[in-house]
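Here is what each chain is made of, one letter per residue.
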Amino acid sequence: MSTSNSLTAFLLLAFADRRELQLSHFSLFLGIYLAPLLANGLIITAIDFGHLHTPMYFFLLNLSFLDLDFISTTVPKAMANSLIHTRITSYSRCAAQVFFLFLFVSAEFSLLTVMAYDHYIAICRPLHYGTLLGSRVCVKMAAAGWATGLLYALSHTVNTFSIPLCYGKVLDPFFCEIPQILKHSCSDSYLREVWIIVVTACLMFVCFIFIVLSYMQVFRAVLRIPSEQGQHKVFSMCLPHIAVVSLFVCTAFFAHLKPPSISFPALDLVLAGLYAMVAPAVNPIIYSMRNKELKDAL
């Protein structure tokens, strides 16, 4: 039986066979890619040249970099496949895509957790903000998020691509995804990666609970503010943040933990698109539209 040692390529999802539809898909992906590219680029430029160096903007700067890297891991390859009419992606490129995808997903989720903590300290304990979130603490927290992403990415990539894989490597989404690769395992060794995914999901769920609890404390503090304008400002920023994090977590969980019996191409495509493209596109809107300092810097 042939294994991954002799494997040279995977076949990704083909959106259409007609050339006109392929060009339409290219145009759609181009628009999806350029919107967050421009928005996150503007945020990075505004923070840098506007001298916005508070902890909130430091974390937002890191989030914008992560969003750019995150969406650049999947969408450009899908654009190229539609443009040059190919489904083939090499084994090494697939492994690199899995590595960077897990790196940026894990680092982004860690950073979203830190940003929820930042909002909690800023609103619930403002007098201790400078002490609890000094410059060194912020750098360490951001570095811990990147290090966590690197650790998860290495463990998942090494473990997944050491599993024997059979021929017929057709992947349903438009990028390389671990659950799709594990479908083609030739042995029970894939259970090691399943357990790593479950442990990762549990840790992410703990972070998600921390985010929800942080915002519950924020909402309790905000409801005691007599100013309706102040309440509206906080709710208009925090509620969309919770909504995007919830969508990100739920789709990623379901994509990686759903049983194979309910897996079919259309569902896999929708789930992959939601957690791979929605967060990078929506985050700039959430953190910029209600922020006067960022608007002035722009």
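Thresholds, definitions, all that
- Residues numbered from 1 in each chain as written.
- Predicted model: local features only at pLDDT ≥ 70, side-chain atom pairs only at ≥ 80, totals over all residues.
- Heavy atoms only, no water.
- Helix = DSSP H or I, 4+ residues; strand = E, 2+ residues; numbered from the N terminus.
- Areas by Shrake-Rupley, 256 points an atom, 1.4 Å probe, with all protein chains shown as cover.
- Phe/Tyr/Trp six-rings, centres within 6.5 Å; stacked < 30°, edge-to-face > 60°.
- UniProt positions renumbered as here; feature names shortened; annotations may be inferred.
- Patch = residues over 30% accessible without salt bridge, like charges linked within 9 Å, V, L, I, M, F, W, Y side chains within 5 Å.
- Salt bridge = Lys/Arg side-chain N within 4 Å of Asp/Glu carboxyl O.
- Expected span 1.5 Å × (residues − 1).
- Bend = angle between axes of the 7 residues up to and from the residue.
- Axes fitted to C-alpha atoms, helices over the stretch in contact; angles between N-to-C directions.
- Parallel < 35°, antiparallel > 145°, perpendicular 65-115°, else oblique.
- Left-handed = near helix turned anticlockwise from the far one by under 90°.
- Nonpolar A, V, L, I, M, F, W, Y, C, P; charged D, E, K, R; others polar.
- Contact = heavy atoms within 4.5 Å.
- Buried < 20%, exposed > 50% of the residue type's maximum accessible area, 1.4 Å probe, protein only.
- Core = buried A, V, L, I, M, F, W, Y, C linked by side-chain atoms within 4.5 Å.

Engineer: Please provide a residue-by-residue account of the overall build of the protein, values included.
Structural biologist: For the protein, the count of helices and strands is ten helices and two strands. Along its sequence from the N terminus, the protein presents helices and strands in the succession β-α-α-β-α-α-α-α-α-α-α-α. As displayed, the protein offers around 14,500 Å² of accessible surface, 70% of which is attributable to carbon and sulfur atoms.

Engineer: Can you explain the packing of aromatic side chains? Please cite residues and give values.
Structural biologist: The final tally for this structure, using the stated rule, is six aromatic pairs. Connected via pairs of aromatic rings, a cluster forms that spans Phe-99, Phe-100, Phe-104 and Trp-146.

Engineer: Outline the UniProt feature "transmembrane region" (unreviewed entry) in the protein, supporting the account with residue identities and numerical values.
Structural biologist: Sites flagged by UniProt as "transmembrane region" (unreviewed entry) map to residues 28–49, 95–117, 137–155, 194–213, 234–257 and 269–289. Across residues 137–155, the secondary structure splits into 100% helix and 0% strand, with the terminal C-alpha atoms separated by 27 Å. For residues 194–213, the helix share is 100%, the strand share is 0%, and the end-to-end C-alpha distance is 29 Å.

Engineer: Break down a nonpolar patch on the surface for me, citing the residues and quoting the values.
Structural biologist: A grouping of Phe-205, Ile-209, Leu-213 and Met-216 is seen on the molecular surface, where their side chains present a nonpolar patch of about 370 Å² in accessible area. In this fold, Phe-205 is placed in helix H7 (residues 190–223).

Engineer: I'd like a rundown of helix H2 (residues 55–84), residues and numbers included.
Structural biologist: Over its 30 residues, H2 runs 44 Å from end to end, which matches the ideal 44 Å to within 8%, given 1.5 Å per residue. Of all the bends in H2, the greatest, near 40°, is centred on Ser-72, and the proline Pro-76 appears no more than four residues after it.

Engineer: So what's going on with the packing of H2 against helix H3 (residues 91–124)? Which residues, and what values?
Structural biologist: Each pair of packed helices can be summarised by the angle the axes make with each other and by the distance between the axes. Viewed as axis vectors pointing N to C, H2 and H3 meet at an angle of 155°, and their least axial separation amounts to 9 Å. Of the possible angle classes, the one that applies to H2 and H3 is roughly antiparallel. Here H2 and H3 pass one another in a crossing that is left-handed. Residue classes in the contact of H2 with H3 are distributed as 16 nonpolar, four polar and six charged.

Engineer: Break down the packing of H2 against helix H5 (residues 135–160) for me, with residues and values.
Structural biologist: For the pair H2 and H5, the least separation of the axes is 10 Å and the interaxial angle reads 20°. In terms of orientation, H2 lies roughly parallel with respect to H5. Crossing geometry of H2 relative to H5 is assigned as right-handed. Contact residues: Pro-55, Phe-58, Phe-59, Asn-62, Leu-66 and Asp-69 in H2; Cys-138, Val-139, Met-141, Ala-142 and Trp-146 in H5. Residue composition of the contact of H2 with H5, grouped by class: nine nonpolar, one polar and one charged.

Engineer: Can you break down helix H1 (residues 19–49) residue by residue, with the values?
Structural biologist: Taking 1.5 Å of rise per residue, the 31 residues of H1 would be expected to cover 45 Å, and the 44 Å separating its terminal C-alpha atoms lies within 8% of that figure. Gln-22, His-25, Phe-26, Phe-29, Tyr-33, Pro-36, Asn-40, Ile-43, Ile-44, Ala-46 and Ile-47 are the residues of H1 that are buried. One or two residues past the end of H1 sits His-51, with phi positive at roughly 55°.

Engineer: Hey, could you go over the nonpolar core for me, with residue numbers and the actual values?
Structural biologist: General note: in soluble globular proteins, nonpolar side chains tend to be found buried as a group. In this structure, Leu-60, Phe-109, Phe-161, Tyr-215 and Leu-294 are the most contacted members of the largest nonpolar core, which totals 79 residues. Of all the secondary-structure elements, those providing two or more residues to this core are H1, H2, H3, H5, helix H6 (178–182), H7, helix H8 (228–257) and helix H9 (265–288). Take this core: its biggest share by element is 18 residues, from H3. The residues contacting Leu-294, other than those within four sequence positions of it, are Ile-43, Ala-46, Ile-47, Leu-52, Tyr-57, Leu-60, Tyr-287 and Ser-288.

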